[in-house]
Amino acid sequence: MTTSEFVKQFRQADPRKLALQASRYPDVDMPYALNQIQGWQTALRKLPSWAACDGVVYPPHLNMEQCSSEPTARYKQQVARRWAERIPNASRTSMVDLTGGFGVDFSFTSCCFDCATYVERNASLCEVVGANLPRLGIRNAQVKCAEAEAVLEQLEPHTMVFLDPARRDEHGAKTVLIADCTPDVCQLLPSLMQKSQFVMLKLSPMLDWHKAIVDLDGKVREVHIVSADGECKELLLVLAPDGKPEVQVFCVDIQSRPDSEGQYPRSEFVYSIATNAQEEMVENNSQLENSTSAQPTNSQFKTQNSKLPPATTQNSQFKIAAGNNSKLKIQNSKFLFEPNASVMKAGCFDEIARAYGISAISRNSHLFLSDREIDGFPGRSFAIDAVTTMNKRQLRQTLSGMKQANIAVRNFPLSVAELRKRLKLSDGGDTYIFATTTSDGDHILMLTHKTKK
């Protein structure tokens, strides 16, 4: 049995058990075979369209875990296509990925252009990607083994330049500042603007995107904060030479399971901020991730591949400041809303409150209330069953008979573990307890259950 036959026959088996049977297959390159089996199994979960193609070669396990997933790669494909279609009188479009890596993002974005160039300094990766591209049905691409800076220096103008800078320093430590990544996009910015119609930049979700707008000299046109299944995965910036007074911010949450049509449903909350307001934000607030001081100039909510209608903004009277009527507001509320990870990263809490006509429990709670259910809210929705203070008597009455609950704390003096110990509740069940602090300074527990919508 050859190595390729072994991989194909046993690709659904447990690699650990196969490793114990290595002596039974002397003609099989077992380390390589096990890596390919493990890679295929990861792709089946993470890159199903790749897993469906025979002969694709997979890199080591760590590279597979770190590469883009299919839902996020397809999202980049859609952004690239939208921008490419804006180019007037383009007889022939082209793109270059200066930091190709395993080629996942390249394989999806390259099909939006007439021709595409993959650039990678690692010769082994170039060899793997060069073999994989035809197997994936990609015929318009060439592979170039070189340094990004050297290629950019000699590059002819392209429609799009894509970069995913390495986010580890020479010691292997993670970096989140653009200037600390390799290559340094800030240093390359003049050349990038000169040699492209637009640039797509993939960055760490930990990056301070407000500061990135400032560092990139006002060239950022769009910020995409991309989450998958509620977990923030990556930050995309789209840059263009022609600066605009506003930056559009897309808070995106994608479902990792495709629907019946093979599409990945997602929600988008989109708003705009003034470009010149970002420098002041960076200077005045070191905690920008939770800042709401930037006043958006426009907003809209979209649902992609979803039947849910957008939220209404008519007759919205709520502001994020909860005021002096927090007790009455909580008593009159029937539903609680928790924004998704992308909205939390954006910090657009004022905008969310205005767009949906909902009210924040307090400025730092990041939880919202309403007397009505809301379709398509970008996050989780809960029906409120009961509200209690931390008074021992109230707690006993409210929690009577309860054995387990899911607990979250927001702007609350106790951790989840500490609160769970005090309440004597195990984890799980259908009840969700949100512990938070009102604008009046009261510590409360809100007992809820998930809505069906």
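Note that the structure is predicted; figures quoted are calculated from it, not measured.

(A) Structural detail: the pairing of strand 3 (residues 141–145). As paired strands, strand 2 (residues 115–120) and strand 3 are joined by five bridges and run parallel to one another. Of the residues in strand 3, the one forming a bridge with glutamate 120 is cysteine 145. Running through helix 8 (residues 123–135), the crossover from strand 2 to the neighbouring parallel element strand 3 is right-handed.

(B) Here's a closer look at the packing of aromatic side chains. All told, the structure shown has 12 aromatic pairs when counted by the stated rule. Judged by centre distance (5.9 Å) and plane angle (65°), the rings of phenylalanine 10 and tyrosine 25 are edge-to-face. With a gap of 15 residues between them, phenylalanine 10 in helix 1 (residues 3–10) and tyrosine 25 in the loop between helix 2 (15–19) and helix 3 (30–46) connect regions that are remote in the sequence. In this pair, the class of phenylalanine 10 matches that of tyrosine 25, namely buried. When the ring of phenylalanine 382 is compared with that of tyrosine 432, the centres are 5.3 Å apart and the planes differ by 50°; the resulting orientation is tilted. Residue phenylalanine 382 is located in strand 14 (residues 379–389), and its partner tyrosine 432 is located in strand 16 (residues 432–437); the two are separated by 50 residues in the primary sequence. No difference in accessibility class separates phenylalanine 382 from tyrosine 432, as the two residues are buried. An aromatic cluster of three or more residues is present, and its members are Phe269, Tyr271, Phe337, Tyr356 and Phe377. For arginine 86, the ring lying beneath its charged end belongs to tryptophan 83, and the centroid distance is 4.3 Å.

(C) Structural view of the pairing of strand 9 (residues 266–274). Burial of strand 9 is extensive: eight of the nine residues sit out of reach of the surface. Across nine bridges, the pairing between strand 8 (residues 246–254) and strand 9 is antiparallel. Bridge pairing in strand 9 links aspartate 253 to serine 267.

(D) Focus on the side chain of aspartate 253. Topologically, aspartate 253 is positioned in strand 8. One buried charged residue, aspartate 253, forms no salt bridge at all, with the nearest opposite charge on arginine 380 at 9.5 Å. Only 3.1 Å separates the side chain of aspartate 253 from the backbone nitrogen of glycine 230, close enough to count as a polar contact. Setting aside anything within four residues of it in sequence, one finds aspartate 253 in contact with Ser227, Ala228, Asp229, Gly230, Pro265, Arg266, Ser267 and Asn340.

(E) Spatial organisation of the environment of arginine 422. Within the element layout of this structure, arginine 422 appears in helix 17 (residues 416–423). For arginine 422, a relative accessible area of 54% puts it in the exposed group. The residues contacting arginine 422, other than those within four sequence positions of it, are Met390 and Leu414.

(F) Seen up close, the nonpolar core. If you look at the biggest cluster of nonpolar residues, it comprises 51 residues, and the most contacted ones within it are Leu98, Leu192, Trp209, Val223 and Leu237. In this structure, leucine 98 is in contact with Val119, Ala148, Val151, Leu152, Val161, Phe162, Leu163 and Leu192, ignoring residues within four places of it in sequence. Residues Ala43, Val56, Tyr118 and Leu236 belong to the second largest nonpolar core, which totals 43 residues.

(G) Representation of the sheet that holds strand 17 (residues 443–450) in the model. Spatially, 12-13-11-14-17-16-15 is the arrangement adopted by the seven strands of the open sheet, whose pairing is mixed. Where the open sheet ends on each side, the last strands, each with one partner, are strand 12 (359–360) and strand 15 (406–410). Packing of helix 17 onto the sheet brings it into contact with strand 15, strand 16 and strand 17, and relative to strand 15 it is tilted by some 125°.

(H) Just a positive patch on the surface, in detail. Where like charges cluster on the molecular surface, the positive patch consists of Lys392, Arg393, Arg396 and Arg422. Broken down by element, the residue count for the positive patch peaks at three residues, all from helix 16 (residues 392–398).

(I) Looking closely at the packing of helix 1 against helix 3. Between helix 1 and helix 3, the least distance of the axes is 9 Å, while the angle of their chain directions is 35°. Regarding helix 1 and helix 3, the two cross each other, and that crossing is right-handed. Across the interface between the two elements, Thr3, Phe6, Val7 and Phe10 of helix 1 pack against Met30, Tyr32, Ala33, Gln36 and Ile37 of helix 3.

Definitions and limits used
- Residues numbered from 1 in each chain as written.
- Predicted model: local features only at pLDDT ≥ 70, side-chain atom pairs only at ≥ 80, totals over all residues.
- Heavy atoms only, no water.
- Pairing = 2+ DSSP bridges.
- Helix = DSSP H or I, 4+ residues; strand = E, 2+ residues; numbered from the N terminus.
- Right-handed = clockwise from strand over helix to strand, strands pointing away.
- Phe/Tyr/Trp six-rings, centres within 6.5 Å; stacked < 30°, edge-to-face > 60°.
- Buried < 20%, exposed > 50% of the residue type's maximum accessible area, 1.4 Å probe, protein only.
- Lys NZ or Arg CZ within 6 Å of the ring centre and 35° of its normal.
- Lys, Arg positive; Asp, Glu negative; His and termini not counted.
- Salt bridge = Lys/Arg side-chain N within 4 Å of Asp/Glu carboxyl O.
- Polar contact = N/O pair within 3.5 Å; in protein donor to acceptor, adjacent residues only side chain to side chain.
- Contact = heavy atoms within 4.5 Å.
- Core = buried A, V, L, I, M, F, W, Y, C linked by side-chain atoms within 4.5 Å.
- Axes fitted to C-alpha atoms, helices over the stretch in contact; angles between N-to-C directions.
- Patch = residues over 30% accessible without salt bridge, like charges linked within 9 Å, V, L, I, M, F, W, Y side chains within 5 Å.
- Areas by Shrake-Rupley, 256 points an atom, 1.4 Å probe, with all protein chains shown as cover.
- Charge placed at Lys NZ, Arg CZ, Asp CG, Glu CD.
- Left-handed = near helix turned anticlockwise from the far one by under 90°.

By themselves, these are just geometric observations and shouldn't be taken as functional.
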